[in-house]
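Descriptive analysis of the structure
In case you want the letters, here they are:
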Amino acid sequence: MIAVRLATYAMRTRFEVVLVGEEPRFLRSAGEEALGEVEELERLLSRFEEDSDIGRINRMAAFVPVRVDARTFSLLQRAVALSVQTNGAFDVTVGTWWRSEKASGGNVPVGFWHLLLEETTRCVRLAHAGVQVDLGGIGKGYALERAAALLMQAGIEHAFLHGGTSSAFAWGHDENGRAWQVAIAHPLTQEVLATVPLNFRGLSVSVADPTRSTNPTIDPRTGIPVRHTLLAAVLLPSPTDSEAWSTALLVLGEEGLSLFQHYYPDGWALLLTSDGRILTPLPPASLSRRT
């Protein structure tokens, strides 16, 4: 077997696919289609482009309904459902804090309930003019999920996909027949905290950098920067859900583990607290974790 590697730059990070099989031309063609979907999703979801779906929502949806692509609408629906699951610890309107002059304690319109979705028309409205939607906390996972679906439909049996150092999804094995594995490292010391095998599972790792003074990770419910947790990692069948929940657990900290287990009894999560503790539900036997 051989491995074909392709990459693109989107959503302010490097996306890469590693495809394993016997026919390099077939692998390359499938990989190019998958990365094309990632690039198309950036065009739809980027908050930095005025004419993207998210750009138009942020500019206009407080005044008129904004019709969006079916993929954008589906992701917004997922985002709202995940906000409900996480009790608001994951919230795509969190960017409102960063863009509001009242972020120091005024009445900032943050909350997923300000995002109004009209399913019959696939239109989006915002309840307040100050609300800003930012899918940066879930977009990479969704892009991996969509790319993986295209690869599976094409008949790819062995693949590893990642978006930067924070999100990955894989199935099958590498060109040497070994399971795909990802190491989770301490964000400050680079010590390996856990080694996670990926097989039809998405891994997302979120980090709160205590040294970062601009755009820190904040609790969307309060606007207060996260200090109690340095890292949260989540392993779930859906890379979209993994990405949302790693963000949520970073915000919730230790108390969020029981909530996570309630919704995903077969899922896996790891937290690294600011005082150096490693917290996780009991891991499956196939996971290796340093103690």
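See the structure above.
Attention in this report is confined to the structure presented alongside it. What you see is a predicted model; the values in this text were computed from it and never measured. (Residues numbered from 1 in each chain as written. Predicted model: local features only at pLDDT ≥ 70, side-chain atom pairs only at ≥ 80, totals over all residues. Heavy atoms only, no water.)

All right, on to the pattern of salt bridges then. One pass over the full model with this rule turns up 16 salt bridges. R78 is the salt-bridge partner of E145, the closest N and O atoms lying 3.4 Å from each other. One end of the pair, E145, is in helix α5 (residues 139–154); the other, R78, is in helix α3 (residues 70–85), and 67 residues separate them in sequence. Assessed through its relative accessible area of 24%, E145 is described here as partly exposed. Residue D219 is joined to R221 by a salt bridge in which the shortest nitrogen-to-oxygen separation is 2.9 Å. Classification of D219 by relative accessible area gives buried; the value is 10%. With relative accessibility at 40%, the residue R221 sits in the partly exposed group. A cluster of three or more residues bridged by salt bridges with shared partners is formed by E37, E40, R43, D69, R71 and R146. (Salt bridge = Lys/Arg side-chain N within 4 Å of Asp/Glu carboxyl O. Helix = DSSP H or I, 4+ residues; strand = E, 2+ residues; numbered from the N terminus. Buried < 20%, exposed > 50% of the residue type's maximum accessible area, 1.4 Å probe, protein only.)

Viewed as axis vectors pointing N to C, helix α1 (residues 24–45) and α3 meet at an angle of 75°, and their least axial separation amounts to 10 Å. Classified by the angle between their axes, α1 and α3 sit roughly perpendicular to one another. Where α1 abuts α3, its residues E37, E40, L41, L44 and L45 lie against R71, T72 and L75. Taken together, the residues of the contact of α1 with α3 break down into four nonpolar, one polar and three charged. (Axes fitted to C-alpha atoms, helices over the stretch in contact; angles between N-to-C directions. Parallel < 35°, antiparallel > 145°, perpendicular 65-115°, else oblique. Contact = heavy atoms within 4.5 Å. Nonpolar A, V, L, I, M, F, W, Y, C, P; charged D, E, K, R; others polar.)

The two faces of strand β8 (residues 180–185) differ: W180, V182 and I184 on one face are buried, but Q181, A183 and A185 on the other face are not. In this sheet, strand β9 (residues 192–198) lies alongside β8 in antiparallel orientation, the contact comprising six bridges. Among the inter-strand pairings, I184 is bridged to a residue of β9, identified as A194. Between the end of β8 and the start of β9, which pair antiparallel, lie six residues, with Q190 showing a positive phi angle near 70°. (Pairing = 2+ DSSP bridges.)

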